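Next come the chains, spelled out residue by residue.
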Amino acid sequence: MDVILQIVEFFSTHKFIFTLVVLVFIYGLRRLILSQIRGDDVFVTQEQRKWMATTKNINLLVIVVVLFYLWQSEINEFALSVTAIAVAIVVASKEIILCFTGSFQRASSRSFQIGDWIEVGKYSGEVIDHSLMATVIQEIDLHHGQYDYTGKTITLPNSLFFTHPVKNLNFMKRYVFHNFGIIVPNFVNLYPLLGELEKRIEAHCEYFIEVARRYNIMIEKHAGVDLPSAEPHIHISSMPNGEQNVHVVLFCPTDKAVHLEQEIRKDFMELYEAAFSKVD
């Protein structure tokens, strides 16, 4: 009993050492929990990422509470001593405050969760982690119509959520409205080609079109908006310099979008060459 009292008295007089011991214990417990969640899996699942992010956030919250409790008197004295420069402290820590409030804004609005595809400003990717300070995404190349992971990991400060809209692109993980155009430099009548082109596109989409229609209806019910139909669309427009743009819209599996685009481009070029090679 005397030993315990001596230990308590030692830590009460050496608060800094006690703080280090507590932090090491919390950090070790965090590592243990994270290792148990991950297990021996090579790849981390979406559910594991959610639990890992929750564990990290709870760990950070516990550290803040413990530090505040242990150093409460010193914090009070420090707060009184810096009253005159409080405004300067607020200005200097503005980004940190915005990151914390951005985290609460994300949690309260439920704009996204781990595993969702999001776009914030010019950045887009799959959310793999989030904390009180930042959100980590695995970048996806959406702007070039590829829908592939680039291999880059981007850390977004939560303050961005106040200055940029957050677009949740989660439904694009399975199916996507894929848009692309085929530029024709010569001003010729392309409309006779559209009938055959539509037949070839329907043949390419035959194996997934029923699932696409059901998924399209499900998204409409979930979002409460009227989306374009799942049927392929083709229309022709004129460019500023006289070229023609054959614009194609497909609602197709995300991982098949690039392949389908290449097949349709090939079909159009075959039809165009057959119709206009003699004219040229």
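Calculation notes
Residues numbered from 1 in each chain as written. Predicted model: local features only at pLDDT ≥ 70, side-chain atom pairs only at ≥ 80, totals over all residues. Heavy atoms only, no water. Helix = DSSP H or I, 4+ residues; strand = E, 2+ residues; numbered from the N terminus. Expected span 1.5 Å × (residues − 1). Buried < 20%, exposed > 50% of the residue type's maximum accessible area, 1.4 Å probe, protein only. Arc of directions from axis to C-beta. Contact = heavy atoms within 4.5 Å. Axes fitted to C-alpha atoms, helices over the stretch in contact; angles between N-to-C directions. Parallel < 35°, antiparallel > 145°, perpendicular 65-115°, else oblique. Left-handed = near helix turned anticlockwise from the far one by under 90°. Nonpolar A, V, L, I, M, F, W, Y, C, P; charged D, E, K, R; others polar. Pairing = 2+ DSSP bridges. UniProt positions renumbered as here; feature names shortened; annotations may be inferred. Phe/Tyr/Trp six-rings, centres within 6.5 Å; stacked < 30°, edge-to-face > 60°. Patch = residues over 30% accessible without salt bridge, like charges linked within 9 Å, V, L, I, M, F, W, Y side chains within 5 Å. Areas by Shrake-Rupley, 256 points an atom, 1.4 Å probe, with all protein chains shown as cover. Salt bridge = Lys/Arg side-chain N within 4 Å of Asp/Glu carboxyl O.

1. Focus: helix α6 (residues 94–109)
Note that an α-helix has 3.6 residues per turn; residues three or four places apart therefore point the same way. Its 16 residues give α6 an end-to-end C-alpha distance of 22 Å, which sits within 8% of 22 Å, the value for a rise of 1.5 Å per residue. Turning to α6, its buried residues are Cys99, Gly102, Ser103 and Arg106. The buried residues of α6 occupy an angular sector of 100° when projected down its axis, which confines them to one face. In α6, the exposed positions angled more than 90 degrees off the buried face are occupied by Phe104 and Ser108. Turning to α6, the residues buried within the fold contact β2 (123–130), β4 (148–157) and α7 (160–163). Looking one or two places after α6, you find Arg110, whose phi comes out positive at around 55°.

2. Looking at the packing of helix α8 (residues 191–205) against helix α10 (residues 257–276)
To describe two helices that pack against each other, one gives the angle between their axes and the distance between the axes. Closest axis-to-axis distance for the α8/α10 pair is 10 Å, and the angle between their directions is 150°. One way to sum up the angle between α8 and α10 is to call them roughly antiparallel. Between α8 and α10 the crossing geometry is right-handed. Residues Leu193, Glu196, Leu197, Arg200, Ile201 and His204 of α8 touch α10, and the partners they reach there are Leu260, Glu263, Ile264, Asp267, Phe268, Glu270, Leu271, Tyr272, Ala275 and Phe276. Per-class residue counts for the contact of α8 with α10 are 10 nonpolar, one polar and five charged.

3. Observations regarding the sheet that holds β4
Consider a sheet: its strands pair through backbone hydrogen bonds, and that pairing is either parallel or antiparallel. Overall, antiparallel pairing links the five strands, which are arranged β4-β3-β2-β1-β5 in an open sheet. This sheet does not close on itself; its edge strands, each paired only once, are β4 and β5 (166–168). Between one strand axis and the next, the sheet turns through 40° on average, direction left out of account. Where strand β1 (residues 117–120) meets β5, three bridges bridge the pair, whose relative direction is antiparallel. Its bridge partner being in β5, Ile118 is matched across the sheet by Asn168.

4. A look at the sheet that holds strand β8 (residues 244–253)
Read from one edge of the open sheet, three strands run β6-β8-β7, paired in antiparallel fashion. Each edge of the open sheet is held by one strand with a lone partner, namely β6 (175–184) and β7 (233–238). Direction aside, neighbouring strands of the sheet carry axes that sit 20° apart on average. Across six bridges, the pairing between β7 and β8 is antiparallel. Paired with Ile236 across the two strands is Val246, which belongs to β8. Contacts from α10 reach β6 and β8 within the one sheet, and its direction differs from that of β6 by about 30°.

5. Focus on the UniProt feature "transmembrane region" (unreviewed entry) in the protein
In the numbering adopted here, UniProt assigns the feature "transmembrane region" (unreviewed entry) to residues 16–33, 54–72 and 78–100. Helix makes up 100% of residues 16–33 and strand 0%. Its end C-alpha atoms lie 26 Å apart. Helix makes up 95% of residues 54–72 and strand 0%, whereas the separation of the span's terminal C-alpha atoms amounts to 26 Å.

6. What about the packing of aromatic side chains?
Counting across every chain of the model gives nine aromatic pairs. Arranged with centres 4.6 Å apart and planes meeting at 45°, the rings of Phe177 and Phe251 form a pair that is tilted. With a gap of 74 residues between them, Phe177 in strand β6 and Phe251 in strand β8 connect regions that are remote in the sequence. Taking relative accessible area as the criterion, Phe251 reaches 2% and is therefore assigned buried. Chaining the aromatic ring pairs together yields one cluster made of Tyr175, Phe177, Tyr207, Phe208, Tyr215 and Phe251.

7. Some words on a nonpolar patch on the surface
A contiguous nonpolar surface patch, about 360 Å² in accessible area, is contributed by Phe16, Ile17, Leu20 and Val21. Its place among the elements puts Ile17 in helix α2 (residues 15–38). Classification of Ile17 as partly exposed rests on a relative accessible area of 36%.

8. Some thoughts on the pattern of salt bridges
Tallying each qualifying case throughout the model produces six salt bridges. Note that Arg200 is salt-bridged to Asp267, the shortest N-O span being 3.6 Å. Here Arg200 is found in helix α8, whereas its partner Asp267 is found in helix α10, with 67 residues between them in sequence. Note that Arg213 and Glu231 form a salt bridge whose closest N and O atoms lie 2.6 Å from each other.

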